[in-house]
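Spelled out, the chains give:
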Amino acid sequence: MSDGEETGAKMTPLARGAVGVLVVACAVVTALEFVIHRHAYFETEGRPLFFAIYGFAAFLIVVGGGVLLRKLVMRAPDYYDAGEDGDA
Amino acid sequence: MPELLLPGLMMILGAALVPVLPHMLRQVWMLVLIAASAYQCWHIDPGVHLTTSVIGFDLILVRAEAITRPFALVFHIAAALNVIYAMHEDARMTAATGLAYAGAAIAALFAGDFITLFIYWELTAFTSVFIILAGRNPRSFSAAMRYLLTQVTSGVILLAGAVVLVGSGSSTAITALSVETLGGALVLLAFAIKAAFPFVNGWLQDAYPEASVTGTVILSAFTTKLAIYMLALCFAGTHMLIWFGVVMTLFPVFFAVIENDLRRVLAFSLNNQLGFMVVGIGIGTELALNGTVAHAFAHIIYKSLLFMSMGAVLYRTGTVKASELGGLWKRMPLTTLFCIIGAVSISSFPLFSGFVTKSLTIGSAAYEGYFWVWVALIFASAGVLEHSGIKIPYFAFFGHDRGFKVREAPFSMLVAMGIAAGLCVAIGVAPEMLYALLPYEVTYKVWDAGHVLGELQLLLFAVLAFAFLMLRGLYPPEIDSTVLNTDWLFRRLLPAIWRMLAAPVMRLWRAVTGTAARQIAASVGRGTHVSRTNYLISGTATIGAAAGLFLAVFALLLALRYMM
């Protein structure tokens, strides 16, 4: 169970190729920020590139939170199989 | 006069014939029943249509509200998709109970009082448990028993709530309730269990992934959305639900990151999506309730699609563990395409169904000035993208090629996934069709250029974060493991406390039964079976204790009602 923890998941060549497309798409929506007016309900929302920064940061927090949570709640695959409910 | 037939009843009764019909006739029979039921339900206008009186209780057997039609429609769509998806297999019990389960859920939508609702509420539990049992292994059997206990508990709490409501002078009619009354609180608790609120959510992630390939798809559509429907009828505008919903949107995304079983990831994702709906109910404005109903409608379809795609992967490869999958896009290209459509739909990419429905709920939070709720929902949207938008398709179809030499999914599975994918796109491109079904007029400008841009920035930069983590080797690897969830409280902690508290009594009990067993064995001259006896006693102790405690509470409630 612990073997895979040492290194992160690897990206396939196909996915590496898609990253180029993704970077272009991100550049386009960044540029559009200065062309299209975004109506904001809150002051924070109206700040330049709020959603881009928030999306990037939120994703990192979700993954980082998951990594921390793993230390707390991850058990062996057969954790419940032996002595379910402690009855057997 | 379609309301004179009980909605859903033809599906419940018609299910009895399913096991005995030949394969093709069975499929036609089920689809005809669903179509006839859909026709019937579609023509039931809002209002009370059929009442009766039983032992002094006025029962409202058929009643529709403004939100009933969209829920009934999508329940029928889900039922039909399930039939088509499972056409390749000869699982008669799953087919029969699945049809009856869908019929019971549809019937419950039209229940106008809590007594009638209780009957269908429990019927959904008893029919659906067979779908989990169809997993046909010890894990699914155990999960099915826990599921049944949870669902029945929810039903009995609902009945207790109805009894208390009657005792306090209210009628049993399903109407707006206050959580500040005991009856209202009990009804809310019953709904909360079925809607997988925090701390009572474990049954969902425990049971759904243990069902068969087709069973999990059936389960994903009805029970939780029935609870959402009832919450919307009884507790719209109850502000505490906003925060319950916020927690529901947030905590599953962290669990989904580390869960290895991709069907269990989808079960966490389901929980997260329910949170958005609960927030909408808590806000309770016209826009928010429109958001909840629209989201439930779209969610049932794209969640079914995602479960179907993972079911196809499980059917062909024998596993849905992310650590064992990868590179399937070359072998299963259509399944990959349909999964991606489900993934972008749930992630709310513009032109797909999630965008035109979830935006209503998030927009209502912003419009009402709930800043922190809005912040949380946006955060949860990035979380949805992580687990359902990226993790599911990437690790199943595009990750490291594991060398599976498998064929594309069976034709029937592809047809069902194709229809669901088509609906995701149709709703996303032309949401007016869905908006016309909603209880209130939709004035929210979902296609506002600034709104579309903001959503694209959020999602594309979140994907960029994924690419960054992958390129740097920082994305956590998939590890075969058990991720503890809130069901641990009921499967490990409570039994441990119970054993500790009951140890003296159990020692006495064992001493008595052991002595009796030895005396009986001595009198008949055979060996004792003390260990087997103890096993049987202890093996049923947990469920027996829970049931006993529950009945005691229920009896106390009844006693209180008659003493008052």
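Here goes a summary of the coordinates provided. Everything numeric in this text was worked out from a predicted model, so none of it was measured.

Residue and element names in this part refer to chain B. Here helix α5 (residues 114–133) contains 20 residues, and its C-alpha end-to-end distance of 29 Å stays within 8% of the 28 Å for a straight helix at 1.5 Å per residue. α5 sits mainly inside the fold: 15 of its 20 residues count as buried. By the N-cap criterion, in which a side-chain oxygen at the helix start approaches the backbone nitrogen of a residue two or three places on, α5 is capped by D113, the distance to I115 being 2.9 Å.

Any two side chains of opposite charge can pair, given that their charged atoms come close. All names here are of chain B. Taken as a whole and assessed by the stated rule, the structure comprises 16 salt bridges over all chains. Put simply, R69 and D45 hold a salt bridge, and the shortest N to O gap is 3.0 Å. Remark: D45 occurs in the loop between α2 (23–42) and β1 (47–54) and R69 occurs in helix α3 (residues 68–85); sequence separation between them is 24 residues. For D45, a relative accessible area of 45% gives the class partly exposed. Here E65 makes a salt bridge to R63, at a shortest N to O gap of 3.3 Å.

Below, the discussion takes up the packing of aromatic side chains. Residues and elements named next belong to chain B. On inspection of all chains with the given rule, the structure shows 30 aromatic pairs over all chains. Their ring planes at 50 degrees and their centres at 5.4 Å tell us that W121 and F191 sit as a pair that is tilted. Highlighted residues: W121 in helix α5 and F191 in helix α7 (residues 182–194), separated in sequence by 70 residues. F191 matches W121 in its accessibility class, with the two residues each being buried. With centroids separated by 6.1 Å and ring planes inclined at 90 degrees, the aromatic side chains of F251 and F255 adopt a geometry described as edge-to-face. Of the two residues, F251 and F255 both sit in helix α11 (residues 240–258), four residues apart, roughly one turn of that helix. Like F251, the residue F255 is buried in the burial classification.

Conventions adopted
Residues numbered from 1 in each chain as written. Chains lettered and ligands numbered in written order. Predicted model: local features only at pLDDT ≥ 70, side-chain atom pairs only at ≥ 80, totals over all residues. Heavy atoms only, no water. Helix = DSSP H or I, 4+ residues; strand = E, 2+ residues; numbered from the N terminus. Expected span 1.5 Å × (residues − 1). Buried < 20%, exposed > 50% of the residue type's maximum accessible area, 1.4 Å probe, protein only. Polar contact = N/O pair within 3.5 Å; in protein donor to acceptor, adjacent residues only side chain to side chain. Salt bridge = Lys/Arg side-chain N within 4 Å of Asp/Glu carboxyl O. Phe/Tyr/Trp six-rings, centres within 6.5 Å; stacked < 30°, edge-to-face > 60°.

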